[in-house]
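# A structural walkthrough
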Amino acid sequence: METMWAGRFKKQISEMTNDFNASIKVDGRMFEEDIRGSMAHAAMLGAQGIIPKEEADKLIVGLEGILSDLKSGALKIDERAEDIHMFVEAELTKRLGETGKRLHTARSRNDQVALDNRLYAMKEIAAVQAEIENLIAVLAKLAEENTETVMAGYTHLQRAQPVTFAHHLLAYAAMFMRDHDRLADVKKRTNVLPLGSCALAGTTHPIDRFAVAKQLGFADVCFNSMDGVSDRDFMLEFAAALAVCMMHLSRLSEEVILWCSWEFKFLELDDAYATGSSIMPQKKNPDISELVRGKTGRVYGNLMALLTVMKGLPLAYNKDMQEDKENLFDSGDTVKTCLAVTAEMLRTATVLKENMFNAGRKGFINATDVADYLVKKGEAFRSAYKITGELVALAIEKNVSLDELPLSDYRRFSPLFGEDIYKEIDLKNCVKKRTSYGGPAAPSVKKQIKIVKDFLASAKQ
Ligand code: ARG
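Residues numbered from 1 in each chain as written. Predicted model: local features only at pLDDT ≥ 70, side-chain atom pairs only at ≥ 80, totals over all residues. Heavy atoms only, no water.

When its secondary structure is counted, the protein chain shows 19 helices and six strands. Its C-alpha atoms give the protein chain a radius of gyration of 30 Å, more than 25% over the compact-globule value 23 Å for 461 residues. Projected onto its principal axes, the C-alpha positions of the protein chain cover 100 × 50 × 40 Å. In the protein chain, which comprises 461 residues, the share counted as buried stands at 50%. For the protein chain, contacts bridging at least 24 residues in sequence account for 75% of all contacts bridging at least 6. In the structure as shown, the protein chain presents an accessible area of about 22,600 Å², 55% of it carried by carbon and sulfur atoms. Here the protein chain holds 61 positive side-chain charges and 65 negative ones, and the gap between their average locations is 3 Å. (Helix = DSSP H or I, 4+ residues; strand = E, 2+ residues; numbered from the N terminus. Rg over C-alpha atoms; globule rule 2.2 N^0.38 Å. Buried < 20%, exposed > 50% of the residue type's maximum accessible area, 1.4 Å probe, protein only. Contact = heavy atoms within 4.5 Å. Areas by Shrake-Rupley, 256 points an atom, 1.4 Å probe, with all protein chains shown as cover. Lys, Arg positive; Asp, Glu negative; His and termini not counted. Charge placed at Lys NZ, Arg CZ, Asp CG, Glu CD.)

See below:
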């Protein structure tokens, strides 16, 4: 196959070099972005009189035809082409002859690939955001059904204080809302047109970059042509936002894995979202969550790879940058799938409320409430804390929970204790009393659910 630069070269490219140099197997998936970019570019060339208007129109029609043929499958991407840009231009020239050769006026693959990357990233950001919204909606619904489901909240994976399952889930909703927001922020810096930077130094042709930006829906135009072709910050930021989102998914996965163990048994996964063992007949494994936790590694790795590719590159374009896409594509694909399977797995799972409550009953999670009781009766917190510690030690010794200790035991440690202590340390009541803003009491949790739902409603607009 003759390369595009055959004029300057005396020999054909070796097959090995061609294979090594080519990126079409990776960037082929950006064909739509590439063609849309070329259509806007052709329209601008025609409008500015850089090429005859009729030829610009022919280019646009030709590009439209290639796009619809690729979409329908009538045209297959030729993997012998170096990259998607070369393929589309060659196909256009095959279809239009000389006219096709006018498309690349006042343009370079350097600004073309930067454009495709940005268009692709913007599409992908929206797709990830949609999956995040779906997961948040599942969490909000589960939360609505569990505002009274008392469970232990944990610190150090030790039972700590009473919360509800709703409250616990809404913490994850908060994380995913931040992920959504972070992506919106990445989009701001992605939404800038690099086309017209050309190879690196702009062009002598009277191009109109603002018209191209308008046609493609970009909010801004990059103001320095060298930065325009060499900036990949938006990809790094996107990869970083995806890594943070994966970290959240991984934390949730870890909890699901714990909750599915017999030691916890807070959650029963639907059979359709769990797997069995090849040897142990009793097993029902939370493979989805384990895989999500595991795939976090590759998403982190993709971010590291991208940072390392960019490190130390002199201005402007360097071929190293061809390595930018595979990582980002993989991170986007992985996060989208992980969000979707996690949402479905949670949506179909059964919450074992009794088990949650019973686990909360052991572990002295109402100990802080005993201390707070004394504080409300006039004791200083530090002294109340010590008295309660002694009561817990006694309960451990007697192998009972705090509500099973008789009042006489309480009164041995402080005369402030009365019969009302039992109501005070009833787990349901302990949750009910935690009315501070952001706390687990049902009215507070309902407020949180409203915040989450309002967020979803505004995200959908
Ligand atoms: N396939 C290349 C990439 O992904 C396109 C840009 C090539 N530019 C060049 N000067 N060779 O980065």
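What follows covers the nonpolar core. It is characteristic of soluble globular proteins that their nonpolar side chains tend to be buried jointly. Ile136, Phe176, Phe238, Val256, Leu339 and Leu346 are the most contacted members of the largest nonpolar core, which totals 68 residues. Of all the elements in the fold, those that place two or more residues in this core are helix H6 (109-144), helix H7 (165-190), helix H10 (233-260), helix H11 (287-310), helix H12 (324-347), helix H13 (353-361) and helix H19 (442-460). For this core, the element with the highest residue contribution is H10, accounting for 15 residues. By size, the runner-up hydrophobic cluster in this structure holds 35 residues, among which are Leu45, Leu67, Ala81 and Met122. (Core = buried A, V, L, I, M, F, W, Y, C linked by side-chain atoms within 4.5 Å.)

Let us look at the packing of aromatic side chains. One pass over the structure, following the stated rule, counts eight aromatic pairs. Measuring from ring centre to ring centre gives 5.6 Å for Tyr373 and Phe417, while their planes differ by 5°; the resulting arrangement is stacked. Pair noted here: Tyr373 is in helix H14 (residues 367-376) and Phe417 is in the loop between helix H16 (407-413) and helix H17 (421-424), with a separation of 44 residues, a long-range link. We classify Tyr373 as buried; its relative accessible area is 3%. (Phe/Tyr/Trp six-rings, centres within 6.5 Å; stacked < 30°, edge-to-face > 60°.)

All told, the structure shown has two cavities of 30 Å³ or more when counted by the stated rule. Considering only enclosed or pocket space, the largest cavity measures out at about 40 Å³ in volume. Mapped onto the lining of the largest cavity, the elements with two or more residues apiece are helix H3 (31-47) and helix H8 (209-216). Class assignment for the residues of the lining of the largest cavity results in six nonpolar, two polar and one charged. Along its surface, the second largest cavity is lined by Leu142, Phe165, Leu169, Trp259, Leu267, Leu346, Ala349 and Val351. Residue composition of the lining of the second largest cavity, grouped by class: eight nonpolar, no polar and no charged. (1 Å grid on protein atoms, 1.4 Å probe; cavity = no way out; pocket = protein on both sides within 12 Å on 5 of 7 lines; lining within 4 Å. Points joined across faces, edges and corners; volume = space filled by probe spheres on them. Nonpolar A, V, L, I, M, F, W, Y, C, P; charged D, E, K, R; others polar.)

Attention shifts here to the site of the ligand. Around the ligand, the surrounding shell consists of Ser23, Asp27, Asp83, His85, Arg109, Asn110, Val113, Tyr317, Gln322 and Lys325. Within the side chain of Asp83, a nitrogen or oxygen atom sits 3.0 Å from a nitrogen atom of the ligand. Gln322 places a side-chain nitrogen or oxygen 2.8 Å from a nitrogen atom of the ligand. In isolation the ligand exposes 350 Å². Once the protein is present, 87% of that is buried. At three residues, H6 tops the list of elements feeding residues into the shell around the ligand. In terms of residue class, the shell around the ligand is made up of two nonpolar, four polar and four charged. (Near = heavy atom within 4 Å. Polar contact = N/O pair within 3.5 Å; in protein donor to acceptor, adjacent residues only side chain to side chain.)

Let us look at the side chain of His167. Along the chain, His167 turns up in helix H7. In contact with His167, other than residues within four places in its own chain, are Gly438, Gly439, Pro440, Val445 and Gln448.

Let us look at the pattern of salt bridges. Counting across every chain of the model gives 39 salt bridges. One salt bridge connects Asp57 with Lys53, and the closest N-O pair in it is separated by 3.2 Å. Of this pair, Asp57 and Lys53 both sit in helix H4 (residues 53-72), separated by four residues, roughly a single helical turn. Residues Lys94 and Glu91 are paired through a salt bridge, measuring 3.4 Å at the closest nitrogen-oxygen approach. You can see Lys94 and its partner Glu91 sitting in helix H5 (residues 84-96), three residues apart, about one turn around the helix. Overall, Lys94 belongs to the exposed group, its relative accessible area being 68%. (Salt bridge = Lys/Arg side-chain N within 4 Å of Asp/Glu carboxyl O.)

What follows concerns the packing of H11 against H12. It is at 9 Å that the axes of H11 and H12 come closest, and there the two elements cross at 160°. Regarding the angle of H11 to H12, the classification is roughly antiparallel. As for how H11 packs across H12, the hand of that crossing is left-handed. For the pair H11 and H12, contact is made by Ile288, Ser289, Val292, Lys295, Arg298, Val299, Asn302, Ala305 and Leu306 and by Asp324, Asn327, Asp330, Ser331, Thr334, Val335, Cys338, Val341, Thr342 and Met345, respectively. (Axes fitted to C-alpha atoms, helices over the stretch in contact; angles between N-to-C directions. Parallel < 35°, antiparallel > 145°, perpendicular 65-115°, else oblique. Left-handed = near helix turned anticlockwise from the far one by under 90°.)

Turning our eyes to something else, we now look at unusual backbone geometry. Here the amide bond leading from Leu315 into Ala316 is cis, since omega sits at 0°, within 30 degrees of zero. As for its placement among the helices and strands, Ala316 is situated in the loop between H11 and H12. Phi angles above zero are rare outside glycine, and Ala106 is one such case at about 55°. Considering the arrangement of structural elements, one finds Ala106 in the loop between H5 and H6. We note that Lys265 has phi near 50°; this positive angle belongs to a residue other than glycine.

Right, let's talk about H6 for a bit. Along an α-helix, residues three or four apart share an orientation, since each turn contains 3.6 residues. With 36 residues, H6 extends 52 Å from end C-alpha to end C-alpha; this agrees with the ideal 52 Å at 1.5 Å per step. H6 sits mainly inside the fold: 26 of its 36 residues count as buried. The N-cap of H6, judged by a side-chain oxygen 2.8 Å from the amide nitrogen of Asn110 a few residues on, is Ser108. (Expected span 1.5 Å × (residues − 1).)

Function cannot be read off these values alone, since they describe shape.
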